[in-house]
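Chains, contacts and geometry: an overview
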Amino acid sequence: MKSLYLSPGMQKKLILDSDLLDLTISRLCQQLIENHNDFSETVIIGMQPRGIFVADILHKKLEKDTKKEIPLGYLDATFHRDDFRRREIPAKASETRIPFIIEGKKVVLVDDVLFTGRSIRAAMDSMIAFGRPATVELVVLIDRKYNRELPIAADYVGKTVNTLTSQRVLVELEAQGHKQNKIWLINKD
Amino acid sequence: MSKLSQKHLLGIKDITREDIELIFETADNFKEVINRPIKKVPSLRDVTIANVFFENSTRTRLSFELAQKRLSADVVNFSASNSSVKKGETLLDTVNNILAMKVDMIVMRHASPGAPHYLAKHINANIVNAGDGTHEHPTQALLDTFSIREKLGDVSGKKIAIIGDILHSRVALSNIFALQKLGAKVMVCGPPTLLPKFIKHLGVEVEFDVRKALLWCDVANVLRIQLERQHIKYFPSLREYSLYYGITKKVLDSLKKPIIIMHPGPINRGVELSSDAADSSHSIILDQVENGVAVRMAVLYLLAGATA
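Residues numbered from 1 in each chain as written. Chains lettered and ligands numbered in written order. Predicted model: local features only at pLDDT ≥ 70, side-chain atom pairs only at ≥ 80, totals over all residues.

1. Here's the deal with the overall build of chain B
Scanning chain B for helices and strands turns up eleven helices and nine strands. Against the 2.2 N^0.38 benchmark of 19 Å for 308 residues, chain B shows a C-alpha radius of gyration of 19 Å, consistent with a compact globule. With the C-alpha coordinates aligned to their principal axes, the bounding extent of chain B is approximately 55 × 45 × 35 Å. The proportion of buried residues among the 308 residues of chain B is 47%. A fraction of 75% describes how many contacts in chain B between residues 6 or more apart in sequence connect residues 24 or more apart. (Helix = DSSP H or I, 4+ residues; strand = E, 2+ residues; numbered from the N terminus. Rg over C-alpha atoms; globule rule 2.2 N^0.38 Å. Buried ≥ 20, exposed ≤ 12 C-beta atoms within 10 Å, placed from the backbone. Contact = placed C-beta atoms within 7 Å.)

2. Here we look at helix α11 (residues 285-305) of chain B
All names here are of chain B. The end-to-end C-alpha separation of α11 is 30 Å, in line with the 30 Å expected for 21 residues at 1.5 Å each. Along α11, the helix axis deviates most sharply at asparagine 291, where the bend reaches about 25°. Counting buried positions along α11 yields 16 of 21 residues, so the element is predominantly enclosed. (Expected span 1.5 Å × (residues − 1). Bend = angle between axes of the 7 residues up to and from the residue.)

3. Looking at the sheet that holds strand β8 (residues 219-222) of chain B
All names here are of chain B. With parallel pairing, five strands are arranged side by side in an open sheet as β7-β6-β5-β8-β9. The open sheet has two edge strands, β7 (205-207) and β9 (260-262), and neither has a second partner. Averaged over all pairs of adjacent strands, the angle between their axes in this sheet comes to 25°, without regard to strand direction. In this structure, strand β5 (residues 159-163) lies alongside strand β6 (residues 185-189), joined through five bridges in parallel fashion. For isoleucine 163, the partnering residue across the bridge sits in β6 and is cysteine 189. (Pairing = 2+ DSSP bridges. Axes fitted to C-alpha atoms, helices over the stretch in contact; angles between N-to-C directions.)

4. Comments concerning the sheet that holds strand β3 (residues 105-110) of chain B
All names here are of chain B. Taken in spatial order, the four strands make up an open sheet running β2-β1-β3-β4, and their pairing is parallel. A strand with exactly one partner marks an edge of an open sheet, and here the two such strands are β2 (74-79) and β4 (126-132). Neighbour to neighbour, the strand axes of the sheet diverge by 15° on average, direction disregarded. Note that β3 and β4 share five bridges and pair parallel. Residue pairing in the sheet places isoleucine 106 in a bridge with isoleucine 127 of β4. Contacts between helix α2 (residues 59-70) and the sheet are confined to β1 (48-53), β2, β3 and β4, with β1 contributing the most and set at about 180° to the helix.

5. Topic: the interface of chain A and chain B
Each partner contributes residues to the interface: chain A has 16 residues there, and chain B has 19 residues. For the side of chain A that touches chain B, the class distribution of residues is nine nonpolar, two polar and five charged. (Nonpolar A, V, L, I, M, F, W, Y, C, P; charged D, E, K, R; others polar.)

6. What to know about the nonpolar core
Formed by 93 residues in total, the largest nonpolar core has its most connected members in Ile163(B) and Ala298(B). Residue-level mapping places this core at the junction of two domains, with at least three residues from each of domain 1 (12-137 + 289-305) and domain 2 (138-284) of chain B. Ala298(B) has contacts with Ile23(B), Thr26(B), Ala27(B) and Phe30(B), leaving out every residue within four places of it along the chain. Counting residues in each nonpolar core, the second largest holds 47 residues, with Ile98(A), Val108(A), Phe130(A) and Ile183(A) among its members. (Core = buried A, V, L, I, M, F, W, Y, C linked by C-beta atoms within 7 Å. Domains from an automatic or database assignment.)

Purely geometric stuff here, so don't read any function into it on its own.
So this is what it looks like as structure tokens:
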């Protein structure tokens, strides 16, 4: 797949608009269905704070397409982060809501943007409190290439983007109160 | 913003409403953590905390220690009764010696009001006041108000009566500050001898009749008679106190309205609170204890995390 690039001179570039996002979500759902059949052993876990919106969208579509009830949870990994006391202000926690046990389940972890990989590491660490999953897979809407700090890769990727550390991916979803679904790549001044 | 305005938690007087709300929001998340099958998170993995108790405590100390362990902190305990304090060491020397062993935070209880404030001026570590004499007991007030918020949805606009030995109570003072900052109306009630003379200046209502206080309030926070701090007689006998100020199930039922009963513990059953009242459905005393761990985790997490 061709990846997208923003030159340092430009201010911002649209990565995904509403139509493209719908297509991307449909593709991700098809790929998930291919690998998970009837979803009887699968649970979906959205990562706080922003991955939950992507998880909601995926979950809704998957339940519609498969006509099955699929467990959905939200996971906050703030207390498992490795940068505590290494940043000036402690990260603010969000709600964790996993009303099921993940022991022996196939976990599909969902986040909006994969960057350094550190939050995914924290998420896998915090997941252990809810049981030992059979497998863990990762779905991300945007994969920021060349920025990984840990050996972590996504199994399902919406769009791969070549970015610099000085750039930022801005995800605006209707579920977050934005007018339209839009995902931007912007240069931090 | 996810940072407290203070480096220490010395008293509720020094912190803002935003601080209290941040602690509550963080405590909500920790309450979820301590109800998981695995109740431990690794946040404070490289933090060492000393619990320095110059005064007796069961609940507070246990609650702090559990909070610290659930955050994966290293914990050392110190109690004055079997230490060099008995040999004449000063407070500052004692604490500096503990800090020399690379301790990051101090949780301290002391019989002298202002002892943690004095320490805060001289040492670099974060200090959490776990009760200083008759002055403040900030984490107790935080867990009390957190429990009210949990039960009633909000603290703002609610009426809270603090009943009993106000004069010797650090819980009362911290609660008054916390409740007022969160927009609640506060009344104190007790025999005139156990109410501080100028308490009205704090903007609280004063009532001597416990029944009137109970009729007025949504929540009654009942305090223990602190005989260990009473060096003169403030009332004729415990039996008489219990007769006039003791709260029983019968009294609560006769109010014919919903009311929440709180108590910071330890309860003197049959004195300020009868057994049937303490164990009734009105009582949220054990919720307070559970919330205490979550609230203390939040305080320690927020203080330890703010490195700037």
